[in-house]
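Chain by chain, the residues run as shown.
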Amino acid sequence: MAGSTLAMRSMLSPSLMQLSAASRRSVSTASQVLRTKPIRANQAQTVSRVARRSYADAAPSPSPAPKPKKRFRALRWAWRLTWLSGLGLTGALAYSIYSLRSPEEQYEPDPNKKTLVVLDRAANAPFLVGTGWGSVSLLKKIDTENYNVVVVSPRNYFLFTPLLPSCTTGLIEHRSIMEPIRNVLRQKKATVKFYEAEATKIDYEKRVVYISDDSEIKGDISHTEVPFDMLVIGVGAENATFGISGVKEHSCFLKEVNDAQNIRKRIMDCVETAMFKDQTPDEVKRLLHMVVVGGGPTGVEFAGELQDFFNDDLKKWIPEIQDNFHVTLVEALPNVLPMFSKQLIDYTESTFKEEEISIRTKTMVKKVTDKYIEAEVTKPDGSKAMETIPYGLLVWATGNAVRPVVRDLMNQIPAQKDSRRGLAVNEYLVVNGTENVWAVGDCAITNYAPTAQVASQEGAFLARLLNTMAQTDAIEGELQKLSSDQSQAKSNEDRNQVFDEIRERQRQLRRTKQIGPFQYSHQGSLAYIGKERAVADISWLSGNIASGGTLTYLFWRSAYLSMCFSNRNRVLVAVDWIKARLFGRDVSRE
């Protein structure tokens, strides 16, 4: 028995032996205290706690538990970076809004400097076009300290036209894509004069622009003239009707805010009139037939937006129209979106087929009445036939035509006698046959398509050119002054110092004059085709990337949002999109 006990003890670990010894000592100490002197109850509790503490101190400390592995560290850091980025963007947005709302004081420019007149749009046109892309791009980047800048335009705002089709269906409010022009001019260092007027005539020989105030409220002076030393013409173009009878009288155009508002009212008028009591079936079909003439980006985007309006909202609230509402796109060329690749053209046509939007290619409009259009249709065998297409709404989204004020200036300049589509310009955008007169945008003839992208780049280039010219004039003035100082130098040391300054100014002059001619950089083409799909033909390195679908639609939205003129416009457009997603489009008439 004793041998077994010894064997078991030998098998115990040293720590357990130490624990037993410590426990015995604690108990022995407590017993001695109890034998030597009676104690009270609270003292007994104290002794018990001492014994337990001694037992705990003697117990071997457990080995430290392994630390849990740090999981999702990358995700946590990504979340932190996202949070910080959001805070930074919010701060930048708040600062930009504050800067816009709190412009600094401006000073009057030197009256001895040259007067630069910028014309945005023109008068004597039944349909006002000029989007102002070239003019506003110029005004944003030009240094107004160098010139006495005067802006003449019949509207006091800039319009972001790529989103104008969305305004026709109530997806975006029209004021969300408008930026007051004075918000731009007020941010410049030197004062810029702005006249809300229409340019009626440009007299090149007298260097004068005649302007007219055609607002409803007339003052004592409604006609006057503005002299200029330098002139930038950015009056845009008219809607091209190609001389077709009835287009001006019965069509809706899509160039201005008023056009979008008129289309909006016309859509709801057609719908409500079709629902009028005792309306005949044929008349209902005519009223609910929406025809779009022009297969370019504007016509395609409007057709897609209109079909979305019907699918998402109109047929929910007015279900009686769902069997008769129809959208037709008419194009004289063999296909729509001719500036896009064949792959994207086929994708657009297949998407329109899914949306039940009819595409009538090789169909040329010959006459327009108040209830139908007459068109010449080219059949697959090459034969042609006339066809009557009834409509309730007709939107004309075709090409551009020269404005009367531009045509009058072309007649004054012999070098422009062969021009037909606008003012012919050289590689620096100078109007041929003139001096210190430039043209940008749709009124200028270049080797590029008349798009907003081209006009914007032309305006930015012209701003750099004018800034360079001002710097050149300043350096040449300093050189003349240094030349006179050199002749009056009293010593060789002073003369050498003047020579060094002259050489430095000459180097600056050579660097300043190195600006090259205008070169357009195509960034790509975008078009919304409805059903939350878009097509994009984007320039990338030495080639193009063609894509279409929902992801391209998200890219289309983000691209247009980034292209908006100011953060104010971006916020308003984003809020409009969110409102339409939550509550749908408004089906009221106004």
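Remember, it's a predicted structure, so these values are computed and weren't measured experimentally.

## Quick look at the overall build of the protein chain
So, step 1. When helices and strands are tallied, the protein chain shows 17 helices and 25 strands.
So, step 2. In the protein chain, buried positions account for 41% of the 590 residues.
So, step 3. Of the contacts formed within the protein chain by residues at least 6 apart in sequence, a portion of 69% connects residues at least 24 apart.

## Digging into helix α9 (residues 257-274)
One turn of the α-helix equals 3.6 residues, which is why residues spaced by three or four share an orientation.
So, step 1. The end-to-end C-alpha distance of α9, which contains 18 residues, comes to 26 Å, matching closely the 26 Å that a straight helix rising 1.5 Å per residue would cover.
So, step 2. Within α9, the full set of buried residues consists of Val-257, Asp-259, Ala-260, Ile-263, Arg-264, Ile-267, Met-268, Cys-270, Val-271 and Ala-274.

## Points about a nonpolar patch on the surface
So, step 1. On the surface, a nonpolar cluster with roughly 630 Å² of combined accessible area is contributed by Trp-79, Leu-81, Trp-83, Leu-84 and Leu-87.
So, step 2. With respect to the helices and strands, Leu-81 occurs in helix α4 (residues 73-101).

## So, the packing of helix α16 (residues 550-563) against helix α17 (residues 567-583)
So, step 1. Across the interface, α16 lies against α17 with an axial gap of 9 Å and an inter-helix angle of 145°. Seen along the crossing, α16 lies across α17 with a hand that is right-handed. Together, Arg-557, Leu-561 and Ser-562 of α16 and Arg-570, Val-573, Ala-574 and Trp-577 of α17 make up the contact between the two elements.
So, step 2. Residue composition of the contact of α16 with α17, by class: 4 nonpolar, 1 polar and 2 charged.

## Notes on the sheet that holds strand β16 (residues 372-378)
So, step 1. Spatially, the 3 strands line up as an open sheet ordered β15-β16-β17, and their pairing is antiparallel. The open sheet has two edge strands, β15 (363-368) and β17 (384-390), and neither has a second partner. On average, each strand axis in the sheet is tilted by 30° relative to the strand beside it, whichever way the strands run.
So, step 2. Where β15 and β16 come together, 5 bridges link them in antiparallel fashion. Within the sheet, the bridge partner assigned to Val-365 lies in β16 and is Ala-375.

## Regarding the confidence of the model for the protein chain
So, step 1. With 84% of its residues at a pLDDT of 70 or more, the protein chain has an overall mean of 84.
So, step 2. The low-confidence segment residues 1-23, where pLDDT is below 50, has 7 contacts with residues more than four positions distant or belonging to other chains.
So, step 3. Confidence drops under a pLDDT of 50 for residues 33-44, and excluding neighbours within four residues, the segment shows 2 contacts in the predicted structure.

## With respect to the UniProt feature "transmembrane region" (unreviewed entry) in the protein chain
So, step 1. Residues annotated in UniProt with the feature "transmembrane region" (unreviewed entry) correspond here to residues 77-98.
So, step 2. The distance separating the terminal C-alpha atoms of residues 77-98 is 31 Å; by composition the span is 100% helix and 0% strand.

## Here we look at the packing of aromatic side chains
Two aromatic rings are characterised by how far apart their centres lie and by the angle between their planes.
So, step 1. Here the structure, examined in full by the defined rule, presents 14 aromatic pairs.
So, step 2. Ring centres 5.0 Å apart and planes at 50° place the aromatic pair Trp-556 and Tyr-560 in the tilted group. Residue Trp-556 and its partner Tyr-560 are both found in helix α16; the two are separated by 4 residues, about one turn of the helix.
So, step 3. Trp-556 sits in the buried class, given a relative accessible area of 3%.

## Focus on the environment of Ser-99
So, step 1. One can find Ser-99 in helix α4.
So, step 2. You can call Ser-99 partly exposed: its relative accessible area is 24%.
So, step 3. Between the alpha carbons of Ser-99 and Gln-187 there is a distance of 8.8 Å; along the sequence they are 88 residues apart.

## Comments concerning helix α12 (residues 342-354)
So, step 1. Here α12 is 13 residues long and its end C-alpha atoms lie 19 Å apart, about the 18 Å a rise of 1.5 Å per residue gives.
So, step 2. Each element contacted by the buried residues of α12 is listed here: α11 (297-317), β13 (326-330), β14 (357-360), β23 (524-530), β24 (533-540) and β25 (543-549).
So, step 3. Once α12 finishes, Glu-356 follows within two positions and takes phi at roughly 65°, a positive value.

## Thoughts on the pattern of salt bridges
So, step 1. A complete count under the given rule lists 14 salt bridges for this structure.
So, step 2. For the salt bridge of Asp-278 with Lys-277, the shortest nitrogen-to-oxygen distance reads 3.1 Å.
So, step 3. The salt bridge involving Glu-354 is made with Arg-533; its shortest N-O contact spans 3.2 Å. Of the two residues, Glu-354 is situated in helix α12 and Arg-533 in strand β24; the sequence distance between them amounts to 179 residues.
So, step 4. Put simply, Asp-312, Asp-313 and Arg-585 are held in one network by salt bridges that share partners.

## Here's the deal with the environment of Asn-569
So, step 1. Mapped onto the fold, Asn-569 is located in helix α17.
So, step 2. When the C-alpha positions of Asn-569 and Met-178 are compared, they lie 7.3 Å apart, and in sequence the two are 391 residues distant.
So, step 3. Asn-569 has contacts with Ser-176, Ile-177, Met-178, Glu-179 and Cys-564, leaving out every residue within four places of it along the chain.
So, step 4. One polar contact links the side chain of Asn-569 to the main-chain carbonyl oxygen of Met-178, over a distance of 3.2 Å.

## A look at the packing of α9 against α11
Helix-helix packing: each pair is described by the crossing angle between the helix axes and the interaxial distance.
So, step 1. Their axes nearest at 13 Å, the elements α9 and α11 cross at an angle of 45°. Judged on the interaxial angle alone, α11 and α9 are oblique. α9 and α11 meet at a crossing whose hand is right-handed. Along its contact with α9, which presents Ile-263, Arg-264, Ile-267 and Met-268, the element α11 presents Phe-302, Leu-306, Phe-309 and Leu-314.

## Looking at the side chain of Thr-351
So, step 1. The residue Thr-351 is located in helix α12 in this model.
So, step 2. If near-sequence neighbours (up to four positions away) are discounted, Thr-351 is found in contact with Ile-529, Gly-530 and Arg-533.

## So, unusual backbone geometry
So, step 1. Phi at Leu-337 is positive, roughly 45°, even though this residue is not glycine.
So, step 2. Mapped onto the elements of the fold, Leu-337 is located in the loop between β13 and α12.
So, step 3. Unlike most non-glycine residues, Lys-531 shows phi in positive territory, near 60°.
So, step 4. Examined against the element boundaries, Lys-531 turns out to sit in the loop between β23 and β24.

Scoring rules and cut-offs
- Residues numbered from 1 in each chain as written.
- Predicted model: local features only at pLDDT ≥ 70, side-chain atom pairs only at ≥ 80, totals over all residues.
- Heavy atoms only, no water.
- Helix = DSSP H or I, 4+ residues; strand = E, 2+ residues; numbered from the N terminus.
- Buried < 20%, exposed > 50% of the residue type's maximum accessible area, 1.4 Å probe, protein only.
- Contact = heavy atoms within 4.5 Å.
- Expected span 1.5 Å × (residues − 1).
- Patch = residues over 30% accessible without salt bridge, like charges linked within 9 Å, V, L, I, M, F, W, Y side chains within 5 Å.
- Areas by Shrake-Rupley, 256 points an atom, 1.4 Å probe, with all protein chains shown as cover.
- Salt bridge = Lys/Arg side-chain N within 4 Å of Asp/Glu carboxyl O.
- Axes fitted to C-alpha atoms, helices over the stretch in contact; angles between N-to-C directions.
- Left-handed = near helix turned anticlockwise from the far one by under 90°.
- Nonpolar A, V, L, I, M, F, W, Y, C, P; charged D, E, K, R; others polar.
- Pairing = 2+ DSSP bridges.
- pLDDT = per-residue confidence, 0-100.
- UniProt positions renumbered as here; feature names shortened; annotations may be inferred.
- Phe/Tyr/Trp six-rings, centres within 6.5 Å; stacked < 30°, edge-to-face > 60°.
- Polar contact = N/O pair within 3.5 Å; in protein donor to acceptor, adjacent residues only side chain to side chain.
- Parallel < 35°, antiparallel > 145°, perpendicular 65-115°, else oblique.

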